[in-house]
Amino acid sequence: ADIRPDRLCVQLQDLLALKSDDLLCPDDCAHICVADAQNLSNFFKQRNPNVYYRGIHAKSRSLGIWALTVKECELAFAKLRHGGAFIFRFGWRGIGEGTSDVHPSGEKVSPDLLQRYLQEEEWYKALTHWLFAVLKSMFTILRPFKSEYVHQ
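Residues numbered from 1 in each chain as written. Predicted model: local features only at pLDDT ≥ 70, side-chain atom pairs only at ≥ 80, totals over all residues. Heavy atoms only, no water.

Engineer: Sorry, what's going on with the overall build of the protein here?
Structural biologist: Regarding its fold elements, the protein presents three helices and two strands. Secondary structure elements of the protein, listed N to C terminal, follow the sequence β-α-α-β-α. The burial tally for the protein puts 24% of its 152 residues in the buried class. Here the contacts in the protein between residues at least 6 apart in sequence split such that 73% fall between residues at least 24 apart. (Helix = DSSP H or I, 4+ residues; strand = E, 2+ residues; numbered from the N terminus. Buried < 20%, exposed > 50% of the residue type's maximum accessible area, 1.4 Å probe, protein only. Contact = heavy atoms within 4.5 Å.)

Given below as structure tokens:
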């Protein structure tokens with residue numbers, strides 16, 4: 001594995017404000033793009049109430065996550081070479097068949113959080129199907145990966 005500084009590009013910026021031309025690498029040049037965007041407005045709220053996130057905000061946390069996911073795809077697809085690989089983190093939050101107030105980890109889910117998930121279920125599922133249909137149309141091979149550890 002030949003990883004030289006001139007072959008790796010990391011840019012720490014407000015993702016939602018970026019356009020493809022703002023990225024340091026040219027279009028159609030990347031063999032692999034890794035996307036793991038974080039909603040920093042949530043991060044700042046947890047750390048210090050006196051420090052404010054000054055980037056672009058979404059109307060809700062769920063919409064912010066989807067805005068970041070779509071933006072990751074937009075930027076990655078502009079930079080990827082034909083046949084390149086795209087690795088991204090995606091979490092399915094759907095309730096699915098039957099309503100359960102117990103998280104897969106065994107932890108009890110608060111009624112308020114469960115109610116919010118139920119309200120989001122229909123549009124979240126529709127967007128998930130749309131996203132994976134787009135990915136299926138663009139890539140020959142799709143491989144899911146599930147970590148052995150819970151990330152949230």
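Engineer: How do you make sense of the packing of helix H2 (residues 61-79) against helix H3 (residues 111-138) when you look at a structure like this?
Structural biologist: To characterise two packed helices, one gives the angle between the axes of the helices and the distance between these axes. Running from N to C, H2 and H3 point in directions that differ by 5°, and their axes come no closer than 12 Å. Accordingly, the angle class assigned to the pair H2 and H3 is roughly parallel. Residue-level contacts link Ser62, Leu63, Trp66, Thr69, Val70, Cys73 and Phe77 of H2 to Glu120, Trp123, Tyr124, Leu127, Thr128, Trp130, Leu131, Leu135 and Met138 of H3. Each residue belonging to the contact of H2 with H3 can be placed in one class, and the counts come to 12 nonpolar, three polar and one charged. (Axes fitted to C-alpha atoms, helices over the stretch in contact; angles between N-to-C directions. Parallel < 35°, antiparallel > 145°, perpendicular 65-115°, else oblique. Nonpolar A, V, L, I, M, F, W, Y, C, P; charged D, E, K, R; others polar.)

Engineer: Where do I start with H2 in this structure?
Structural biologist: Structural remark: α-helix, 3.6 residues per turn; residues separated by three or four positions point the same way. Taking 1.5 Å of rise per residue, 19 residues should cover 27 Å, and H2 covers 27 Å from first to last C-alpha, within 8% of that figure. Of all the positions in H2, only Ser62, Gly64, Trp66, Leu68, Thr69, Lys71, Glu72, Cys73, Leu75, Ala76, Ala78 and Lys79 are classed as buried. The elements touched by buried residues of H2 are strand E1 (30-35), strand E2 (80-88) and H3. (Expected span 1.5 Å × (residues − 1).)

Fair warning: the whole summary comes from geometry, so function is off the table for now.
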